[in-house]
Amino acid sequence: MKGGLTVLLYGAPGTGKTESVYQLARLSGRHILAADASAVRSKWVGETEKNIRQLFLDYKSAREKFDEIPILLFNEADAILGTRRSVTDRVEQMENTLQNILLQELENFEGIFIATTNLEDNLDPAFDRRILYKVRFSAPSDPMRISIWKDKLPGISDELILAVNDAHKLTGGQIENVSKKIEVDRLLDPNLQI
């Protein structure tokens, strides 16, 4: 059996996919090597392919450097692991070459690879065989959402939390943004009452 663990976390924005990876790393004492699509992609011919190969080489070096096997995180993976297309121009040819390099790297991958996406249907079907686990992140249930509200805004009354929860079915990420906005408002106006 190959030594690689490949995981896809997918679901709506703000449901905790990326945060879960960071919590797994924190709890297991692992480092994260993050693949940023904007850093990997290049407008120069051949550079994107070189960048993706270098990313996997960097990961192999990191595996040897750290005591615990690090996590290779492809956040918003659909930007990099997209569907291959029929080639009609050089751009599409380069995109397909990138996909082929990624497929080859994942075929022989040793370590922990976690990809996150909001758009699971946009991934090339060839990646299905190379992903061992697919975990769907759903919007939180009412009890979970209320728990998140209470955690993020402990000074708010239960009645207000229930009213807001009934009116707005927000994700954890959206609730966090609301709590941040309230904190900023409180910093700007210490007399603000919520």
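See the structure shown above.
Residues numbered from 1 in each chain as written. Predicted model: local features only at pLDDT ≥ 70, side-chain atom pairs only at ≥ 80, totals over all residues. Heavy atoms only, no water.

Colleague: Tell me about the overall build of the protein, residues and numbers included.
Modeller: Secondary structure summary: the protein contains seven helices and five strands in total. Taken from N to C terminus, the helices and strands of the protein fall in the order β-α-β-α-α-β-α-β-β-α-α-α. A buried classification covers 36% of the 194 residues belonging to the protein. Here the contacts in the protein between residues at least 6 apart in sequence split such that 71% fall between residues at least 24 apart. For the protein, the exposed area adds up to about 11800 Å²; of that, 53% sits on carbon and sulfur atoms. (Helix = DSSP H or I, 4+ residues; strand = E, 2+ residues; numbered from the N terminus. Buried < 20%, exposed > 50% of the residue type's maximum accessible area, 1.4 Å probe, protein only. Contact = heavy atoms within 4.5 Å. Areas by Shrake-Rupley, 256 points an atom, 1.4 Å probe, with all protein chains shown as cover.)

Colleague: Quick one: what's the story with the nonpolar core, residue by residue and with numbers?
Modeller: Ile52, Leu72, Phe74 and Phe113 are the most contacted members of the largest nonpolar core, which totals 32 residues. Mapped by element, the contributors of at least two residues to this core are β1 (4-11), α1 (17-28), α3 (47-65), β3 (71-74), α4 (90-107) and β4 (111-117). Looking at which element gives the most residues to this core, the answer is α4, with five residues. Listed in part, the nine residues of the second largest apolar core include Ile146, Trp149, Leu153 and Ile156. (Core = buried A, V, L, I, M, F, W, Y, C linked by side-chain atoms within 4.5 Å.)

Colleague: I'd like to hear about the packing of helix α5 (residues 142-152) against helix α7 (residues 172-188), residue by residue, with values.
Modeller: In a packed pair of helices, the relevant descriptors are the angle between the two axes and the axis-to-axis distance. Two elements in contact, α5 and α7, have axes whose closest approach is 10 Å; the angle formed by their N-to-C orientations is 25 degrees. In terms of axis orientation, α5 runs roughly parallel to α7. Here α5 and α7 pass one another in a crossing that is right-handed. Along the contact surface, α5 presents Arg145, Ile148, Trp149 and Lys152, while α7 presents Gly172, Ile175, Glu176, Val178 and Ser179. By residue class, the composition of the contact of α5 with α7 is four nonpolar, two polar and three charged. (Axes fitted to C-alpha atoms, helices over the stretch in contact; angles between N-to-C directions. Parallel < 35°, antiparallel > 145°, perpendicular 65-115°, else oblique. Left-handed = near helix turned anticlockwise from the far one by under 90°. Nonpolar A, V, L, I, M, F, W, Y, C, P; charged D, E, K, R; others polar.)

Colleague: So what about the sheet that holds β3? Which residues, and what values?
Modeller: Taken together, the five strands give an open sheet; going across it, the order is β2-β3-β4-β1-β5, and neighbouring strands pair in parallel fashion. Of all the strands in the sheet, the pair left with one neighbour each is β2 (32-35) and β5 (133-137). On average, adjacent strands in this sheet sit at an angle of 20 degrees to one another, irrespective of strand direction. Where β3 and β4 come together, four bridges link them in parallel fashion. The partner of phenylalanine 74 across the bridge, within β4, is alanine 115. Those strands touched by α3 are β2, β3 and β4, and its axis lies near 155 degrees from that of β3. (Pairing = 2+ DSSP bridges.)

Everything listed here is a matter of coordinates, which is why it stays silent on function.
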